[in-house]
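Each chain is listed here by its residues.
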Amino acid sequence: MPAEWEQQSCVQLTWPHKDTDWAPMLDEITAVYEEMAREISQREGLLVVAPPDAQLSPLPSHLSPLTTHLSRLNTNDTWARDHGFITVEDAKVLSPQPSDLVLLDFKFNGWGEKFEAELDNAINRQLYDQGLVTGHYESHLDFVLEGGSIESDGKGTIFTTACCLLAPHRNQPLTQQEIEERLKEWLGAERVVWLNHGSLIGDDTDGHIDTLVRICPDDTILYTGGDDDHPDLTLMEEELQALRTLDGKPYRLLKLPLPRPIYDNGERLPATYANYLVINGAVLVPTYDQPDLDAEAMRIIGQAFPDREMVGINCRAVIKQHGSLHCCTMQYYGGLRPKEKIINNK
């Protein structure tokens with residue numbers, strides 16, 4: 001499984017619309033998606049998935065039709081990270097081309113049957129049947145796996161959290177060992193690192209790793225620091241300090257600040273700087289109208305990615321639905337058919 005910082009061909013955004021939970025704040029969240037779309041499309045391809053009747057205004061005029069692809073599909077929600085394809089390289093090919101990549105289609109069941117997901121779970125197969133994405137389609141629709149629940153270093157280690165992959169309504173009655181064997185086989189991993197601690201107040205994914213711990217080049221790990229309300233994050237930090245690479249070396253650890261508490265109707269929201277997106281030439285970093293901490297987080301992430309531009313995206317709107325920037329996106333390495341421009345299926 002490639003590391004996120006490897007060369008990408010495109011990023012998928014599944015667009016917000018009036019029939020999602022975004023309805024009361026549709027203009028506000030759409031503005032955030034337009035900003036993400038603008039930054040992505042300046043650097044690589046963009047794949048937008050939206051229902052036939054979704055208002056796209058149309059696609060913002062600053063997006064190039066040569067790199068922006070629109071697929072009209074019915075959707076439940078917008079979290080492309082968790083319903084999108086997971087891309088892996090064909091182990092039999094030494095220098096894989098886009099057609100040699102494997103597109104793994106796992107089951108998405110609304111984070112353990114918490115939310116409706118039938119339409120979102122059907123997106124991948126439809127994108128493939130449209131001929132939009134390149135690679136070999138491989139169905140694993142009998143196994144629940146969300147993109148936000150795993151991290152890859154691109155050289156044989158997959159990171160995940162026990163609290164998510166072993167949560168109810170995922171893959172019972174499979175044991176941890178049985179799940180690990182499947183991940184190794186399908187993702188081409190030598191080992192799976194299971195973190196047993198770490199969670200954010202307000203999180204409804206059962207502890208996705210992309211809100212807590214992110215793997216970076218040169219055996220570096222960025223991770224979310226805690227506060228008095230998150231003692232489990234201190235235990236997670238101790239796990240990371242004890243962790244070793246496949247070569248037996250300690251990781252370089254960079255601690256991210258935790259945003260000051262943000263509430264919506266009295267409920268604390270799971271704001272985190274770890275939910276950034278690496279794209280070609282840049283890192284899109286969620287910000288939260290906390291200038292000092294926003295700047296500090298971008299500085300620290302920049303230490304892990306010194307050759308990339310740090311671009312802040314205000315995600316105060318996104319976390320009102322308990323996600324952030326990385327959750328909204330899914331990168332592809334094989335990507336879009338080169339001869340296609342805009343797909344608009346009615």
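An account of the accompanying structure is given in this report.

Parameters at a glance
Per chain, the residues get numbers from 1 upward, laid out in the order the sequence is written. Local features are withheld for residues below a pLDDT of 70 in this predicted model, meaning they are given only at 70 or higher, and side-chain atom pairs are given and counted only at 80 or more; totals for whole chains, interfaces and linings count all residues. Just so you know, side-chain values use all the structure's heavy atoms and leave hydrogens and water out. Secondary structure counts use DSSP, requiring at least four H or I residues in a row for a helix and at least two E residues in a row for a strand, with both numbered from the N terminus. Our radius of gyration looks at C-alpha atoms and nothing else; its globule reference is 2.2 Å times the residue count to the power 0.38. Note on exposure labels: buried denotes an accessible area under 20% of the residue type's maximum, exposed denotes more than 50%, and partly exposed covers the range between, all computed with a 1.4 Å probe on protein chains only. Should any heavy atoms of two residues lie within 4.5 Å, those residues are counted as being in contact. Values of accessible area rely on a 1.4 Å probe in the Shrake-Rupley scheme; residue burial ignores everything except the protein chains shown. When charges are counted, neither His nor the chain ends are considered; positive counts come from Lys and Arg and negative counts from Asp and Glu. All charge positions are set by atom: Lys at NZ, Arg at CZ, Asp at CG, Glu at CD. Buried residues of nine kinds, namely Ala, Val, Leu, Ile, Met, Phe, Trp, Tyr and Cys, make up a nonpolar core once their side-chain atoms join them within 4.5 Å. In a helix, the anticipated span is given by 1.5 Å times the number of residues less one. Note on pairing: two strands pair once DSSP finds at least 2 bridges between them. A fitted line through C-alpha atoms represents every axis, and for helices the fit uses only the stretch in contact; the resulting angles, taken between N-to-C directions, go from 0 to 180 degrees. Think of a 1 Å grid over the protein atoms and nothing else: a 1.4 Å probe that fits but is trapped marks a cavity, an open set flanked by protein within 12 Å on at least five of seven lines marks a pocket, and residues with an atom within 4 Å of a point count as lining. Grid points are joined across faces, edges and corners, and a volume is the space filled by probe spheres set on the points. Under the convention adopted here, Pro, Cys and the residues Ala, Val, Leu, Ile, Met, Phe, Trp and Tyr are nonpolar, Asp, Glu, Lys and Arg are charged, and Gly plus all remaining residues are polar. In protein, a polar contact requires one atom able to donate a hydrogen and another able to accept it; more generally it is a pair of N or O atoms within 3.5 Å, and residues adjacent in sequence count only if both atoms are side-chain atoms. By convention, a stacked pair of Phe, Tyr or Trp rings (six-membered ring in the case of Trp) has centres within 6.5 Å and planes under 30 degrees apart, an edge-to-face pair has planes over 60 apart, and any other such pair is tilted. Look at NZ for Lys and CZ for Arg. If either is within 6 Å of the ring centre and within 35 degrees of the ring normal, a charge sits over the ring.

Concerning the overall build of the protein chain
When you go through the protein chain residue by residue, the secondary structure sums to nine helices and 18 strands. Radius of gyration (C-alpha) of the protein chain: 19 Å, near the 20 Å computed for a compact globule of 346 residues. Overall, the C-alpha framework of the protein chain stretches about 50 × 50 × 40 Å when taken along its three principal axes. Out of the 346 residues in the protein chain, the part that is buried amounts to 60%. In the protein chain, of all internal contacts separated by at least 6 residues, the share reaching a separation of at least 24 is 74%. On the protein chain, roughly 14000 Å² of surface is accessible, and the fraction owed to carbon and sulfur atoms is 47%. With 29 positive and 55 negative side-chain charges, the protein chain shows a separation of 4 Å between the mean positions of the two kinds.

So, the nonpolar core
Core analysis: the largest hydrophobic core is formed by 73 residues, its most contacted members being Val213, Ile221, Leu222, Tyr276 and Phe305. Non-local contacts of Val213, meaning those with residues more than four positions away in its chain, are made with Glu151, Leu195, Ile221, Leu222, Tyr223, Met236 and Leu240. Formed by 19 residues, the second largest nonpolar core is a distinct cluster that contains Ile150, Cys164, Leu187 and Val192.

Here's the deal with helix α1 (residues 26-41)
With 16 residues, α1 should reach 22 Å at 1.5 Å per residue; the first-to-last C-alpha distance of 22 Å fits that figure. Residues of α1 that are buried include every one of Ile29, Thr30, Val32, Tyr33, Met36, Ala37, Glu39, Ile40 and Ser41, and no others.

Things to note about the sheet that holds strand β2 (residues 45-50)
The strand order across the open sheet built from four strands is β3-β2-β1-β18, with neighbouring strands paired in mixed fashion. One side of each edge strand has no neighbouring strand; the edge strands of this open sheet are β3 (68-72) and β18 (329-332). Shown here is a sheet whose adjacent strand axes are inclined to one another by a mean of 20 degrees, direction ignored. Across four bridges, the pairing between strand β1 (residues 10-14) and β18 is antiparallel. When the sheet's bridge partners are listed, Gln12 is paired in β18 with Met330.

Things to note about empty space enclosed by the protein
Applying the stated criterion across every chain yields a total of five cavities of 30 Å³ or more. Of the voids in this model, the largest cavity is the one considered here, and its volume is about 200 Å³. For the largest cavity, the lining is made up of 22 residues, of which Met1, Pro2, Glu4, Arg81 and Gln331 are closest to its centre. When residues of the lining of the largest cavity are assigned to their parent elements, the largest contribution, three residues, is made by strand β7 (residues 150-152). Of the residues contributing to the lining of the largest cavity, the split by class is 13 nonpolar, five polar and four charged.

Quick word on the side chain of Thr87
Of note, Thr87 is situated in strand β4 (residues 86-89). Once you skip the residues sitting within four places of it in the chain, Thr87 turns out to touch Met1, Pro2, Leu101, Val102, Leu103, Gln331, Tyr332 and Tyr333.

Description of the sheet that holds strand β10 (residues 213-216)
Strand order across the open sheet formed by three strands is β10-β11-β12, with mixed pairing between neighbours. Of all the strands in the sheet, just β10 and β12 (252-256) have a single pairing partner and so form its edges. The mean inter-strand angle of the sheet, taken between neighbouring strand axes irrespective of direction, is 20 degrees. Pairing geometry for strand β11 (residues 220-224) and β12, over five bridges, is parallel. Across the sheet, the residue bridging to Tyr223 is Lys255, located in β12. Helix α8 (residues 231-242) rests against β10, β11 and β12 of the sheet, and its axis sits at about 170 degrees to β11. In the packing of helix α9 (residues 291-304) onto the sheet, the strands contacted are β10, β11 and β12, and the crossing angle to β12 comes to about 165 degrees.

What to know about the side chain of His140
If you trace the backbone, His140 turns up in strand β6 (residues 136-144). The class for His140 is buried, based on a relative accessible area of 7%. Among the polar contacts made by the side chain of His140, one reaches the side chain of Glu138 at a distance of 2.7 Å. Beyond its immediate chain neighbours, meaning those up to four positions away, His140 contacts Leu104, Asp105, Phe106, Lys107 and Trp186.

Section: the packing of aromatic side chains
Applying the stated criterion across every chain, the model contains 14 aromatic pairs. Considering the side-chain rings of Trp22 and Trp79, the 5.8 Å spacing of their centres and the 50 degrees angle between planes classify their relative orientation as tilted. Remark: Trp79 occurs in the loop between β3 and α2 (80-83) and Trp22 occurs in the loop between β1 and α1; sequence separation between them is 57 residues. Of the two residues, Trp22 and Trp79, neither departs from the other in class, the shared state being buried. Considering the side-chain rings of Tyr273 and Tyr288, the 5.4 Å spacing of their centres and the 65 degrees angle between planes classify their relative orientation as edge-to-face. Here the residue Tyr273 occupies a position in the loop between β14 (267-268) and β15 (277-279), and Tyr288 occupies one in the loop between β16 (282-287) and α9, the gap between them amounting to 15 residues. For the pair formed by Tyr273 and Tyr288, the shared burial category is buried. In this structure an aromatic cluster arises from ring pairing among Phe85, Tyr128, Tyr137 and Tyr332. When the ring centre of Tyr137 is taken as origin, the NZ or CZ atom of Arg125, which lies over that ring, is 4.2 Å away. Here Arg214 stacks its cationic end above the ring of Tyr276, 4.3 Å away from the centre of that ring.

Interpretation note: all reported values are geometric properties and have no functional meaning in isolation.
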